[in-house]
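One-letter residues, chain by chain:
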2 protein chains.
Amino acid sequence: MRSDAAPARVWVPEVPACGALIDPGPDARHYLERVCRAREGESVTLTDGRGRVAVARVTRDGGRLALAVGRVEDLPAPAPRVLLCGAPEGERADWMVEKLAELGVTTLIPVDTARARWERFERRAQRFERLALAALRQSLGAHRMEIGRPTPLGEACAALPAGGTRWLAEPSGARADARRAALPGWYGVVGPAAGLDEAERASCIACGFAPISLADSRLRTETAALCMAALWAACADRGAEVAGETGRGA
Amino acid sequence: MRSDAAPARVWVPEVPACGALIDPGPDARHYLERVCRAREGESVTLTDGRGRVAVARVTRDGGRLALAVGRVEDLPAPAPRVLLCGAPEGERADWMVEKLAELGVTTLIPVDTARARWERFERRAQRFERLALAALRQSLGAHRMEIGRPTPLGEACAALPAGGTRWLAEPSGARADARRAALPGWYGVVGPAAGLDEAERASCIACGFAPISLADSRLRTETAALCMAALWAACADRGAEVAGETGRGA
């Protein structure tokens, strides 16, 4: 581990109590020993991906790498950033999942639409979960992106809590203007490769989703999803500032 | 081709004159016949990726698909969006190239740094070019992303034209604030997976690059590059509006 690098982050199903000495399990051990080259005495961070994190020190227990757990902390959940996303083409969902998780999307809901369904979701669910966990580790996050099961678009829209900023990705929409955002909470709909049909589009708009354009060019499903997540990430935690500016009459 | 879809776009090395009847070549023919299922009489768009576009009609010439070229137009080059990017890990450069091209980055300059070089660039250059062309087709663009050869970071910075908004991706930087952008021209530096060293960072800052943070989480090289391109895309062509607002004392 480079001395200027942030402590390695390890996912554990449950964060143990302060003072515990734990075996992090084969995957985390491999990651710490082979990928991070963590040495005795170095600090690592444990997280359960549900907001609990602990500082731990690398040590040995019977010759094997073990972790001595120190301070444990519970971090508040971030404001929701929920993406309802149609099926991308081919294998493109893999890296989309990884990137959305890295960028701090809190919930990805795969949506089935008239023109495309998430056909191969069941086979890929475990892989998606692994990608989301790897992204948590990489991004030094404490909250793991939740991945829903494929849900019909209308049903997914109806299940969202009220409020928040709601964007429907659409090439002919208005420019995305994060400045006017009414925080907290971001909700987005991105259609599948073949697009939403007219009825689906109308029903999203009826649910409060504003058609917005993310770029001058036509974007693939996964690129539009990533753009939305990037704009949300760039605006996160600026709610007060933005609201304040709006309050001054902008 | 769905009737509500935009005309298919085809890259050709040179856009022929209005009135010409051309054989678009095997790749474009395959794309039009097999991927787009283009039928006789349908319109397609030709572009050379350097700003020249033509409307063409699908027809037959001796039984084979041919294109009858109509109106030819030269489109102005967009404001530069130039990304100097360190080497991402493994195969991650492939999709980074595709996504940056889709999002309208005008020039990608792979930069070699103290901690990482674009070692396998030569073997992959042709693949990168194909990905950039496919993205041009997909995004319905008229200007193909240029991909430079790997260049030492300092040399690449020194070769940039003066002016424009200059961002250095850095987790500890200020929030990216596209609202304050002095257009035209966006220039960005994203370090390799292992980061820039202190001397490189200082030299970027001396070249006018402002350290900016793109997200709360730590991002991989290719994710940071994509975030920057997404923010540029979201702000493109709003130069006048932004400048006007700044002029009103914001």
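Quick caveat, the model's predicted, so the values are computed rather than measured.

## Notes on the nonpolar core
In summary, soluble globular proteins display a tendency toward joint burial of nonpolar side chains.
Argument step 1. If you look at the biggest cluster of nonpolar residues, it comprises 84 residues, and the most contacted ones within it are Leu 83 and Leu 214 of chain A together with Leu 83 and Leu 214 of chain B.
Argument step 2. When sequence neighbours within four positions are dropped, the list of residues in contact with Leu 214 of chain B reads Ala 233 and Ala 234 of chain A together with Ala 169, Ala 176, Leu 219, Ala 224, Cys 227, Met 228 and Leu 231 of chain B.

## Description of the sheet that holds strand E4 (residues 52-61) of chain B
Residue and element names in this part refer to chain B.
Argument step 1. Across the sheet, five strands lie side by side as E1-E3-E4-E5-E2; this open sheet has mixed pairing. Each edge of the open sheet is held by one strand with a lone partner, namely strand E1 (8-11) and strand E2 (21-22).
Argument step 2. As paired strands, strand E3 (residues 43-47) and E4 are joined by five bridges and run antiparallel to one another. The residue bridging Thr 45 from the neighbouring strand is Val 55, located in E4.
Argument step 3. Across the sheet, helix H1 (residues 26-35) lies against E1, E3, E4 and strand E5 (64-74), angled at about 170° from E1, the strand it touches most.

## A word on the sheet that holds strand E4 (residues 52-61) of chain A
All names here are of chain A.
Argument step 1. Spatially, E1-E3-E4-E5-E2 is the arrangement adopted by the five strands of the open sheet, whose pairing is mixed. With one partner strand each, in any of the chains shown, strand E1 (8-11) and strand E2 (21-22) form the two edges of the open sheet.
Argument step 2. Relative to strand E5 (residues 64-74), E2 runs antiparallel, the two sharing two bridges. Directly across from Leu 21, in E5, lies its bridge partner Ala 68.

## Comments concerning the UniProt feature "domain: Ribosomal RNA small subunit methyltransferase E PUA-like" (unreviewed entry) in chain A
Argument step 1. Under the UniProt annotation, "domain: Ribosomal RNA small subunit methyltransferase E PUA-like" (unreviewed entry) lies at residues 27-63 of chain A.
Argument step 2. The distance separating the terminal C-alpha atoms of residues 27-63 of chain A is 17 Å; by composition the span is 24% helix and 41% strand.

## So, the pattern of salt bridges
All names here are of chain A.
Argument step 1. A complete count under the given rule lists 53 salt bridges over all chains for this structure.
Argument step 2. Between Arg 201 and Glu 198 there is a salt bridge, with the nearest N and O atoms lying 3.4 Å from each other. Taken as a pair, Arg 201 and Glu 198 lie in helix H5 (residues 198-206) at a separation of three residues, close to a single helical turn.
Argument step 3. Arg 201 sits in the partly exposed class, given a relative accessible area of 26%.

## Things to note about the pairing of strand E6 (residues 81-85) of chain A
Residue and element names in this part refer to chain A.
Argument step 1. Summarising burial for E6: five of the five residues are buried, a large majority.
Argument step 2. The alternating pattern of E6 places Arg 81, Leu 83 and Cys 85 on one face and Val 82 and Leu 84 on the opposite face, and all of these are buried.
Argument step 3. Sheet topology note: the E6/strand E11 (residues 186-190) ladder contains five bridges and is parallel. What sits directly across from Leu 84, in E11, is Val 189.
Argument step 4. Relative to strand E7 (residues 107-112), E6 runs parallel, the two being bridged by four bridges. From the neighbouring strand, Leu 83 faces E7, where its bridge partner is Leu 108.
Argument step 5. Crossover handedness for the path E6 to helix H2 (residues 92-102) to E7: right-handed.

Cut-offs used in this document
- Residues numbered from 1 in each chain as written.
- Chains lettered and ligands numbered in written order.
- Predicted model: local features only at pLDDT ≥ 70, side-chain atom pairs only at ≥ 80, totals over all residues.
- Heavy atoms only, no water.
- Core = buried A, V, L, I, M, F, W, Y, C linked by side-chain atoms within 4.5 Å.
- Buried < 20%, exposed > 50% of the residue type's maximum accessible area, 1.4 Å probe, protein only.
- Contact = heavy atoms within 4.5 Å.
- Pairing = 2+ DSSP bridges.
- Helix = DSSP H or I, 4+ residues; strand = E, 2+ residues; numbered from the N terminus.
- Axes fitted to C-alpha atoms, helices over the stretch in contact; angles between N-to-C directions.
- UniProt positions renumbered as here; feature names shortened; annotations may be inferred.
- Salt bridge = Lys/Arg side-chain N within 4 Å of Asp/Glu carboxyl O.
- Right-handed = clockwise from strand over helix to strand, strands pointing away.

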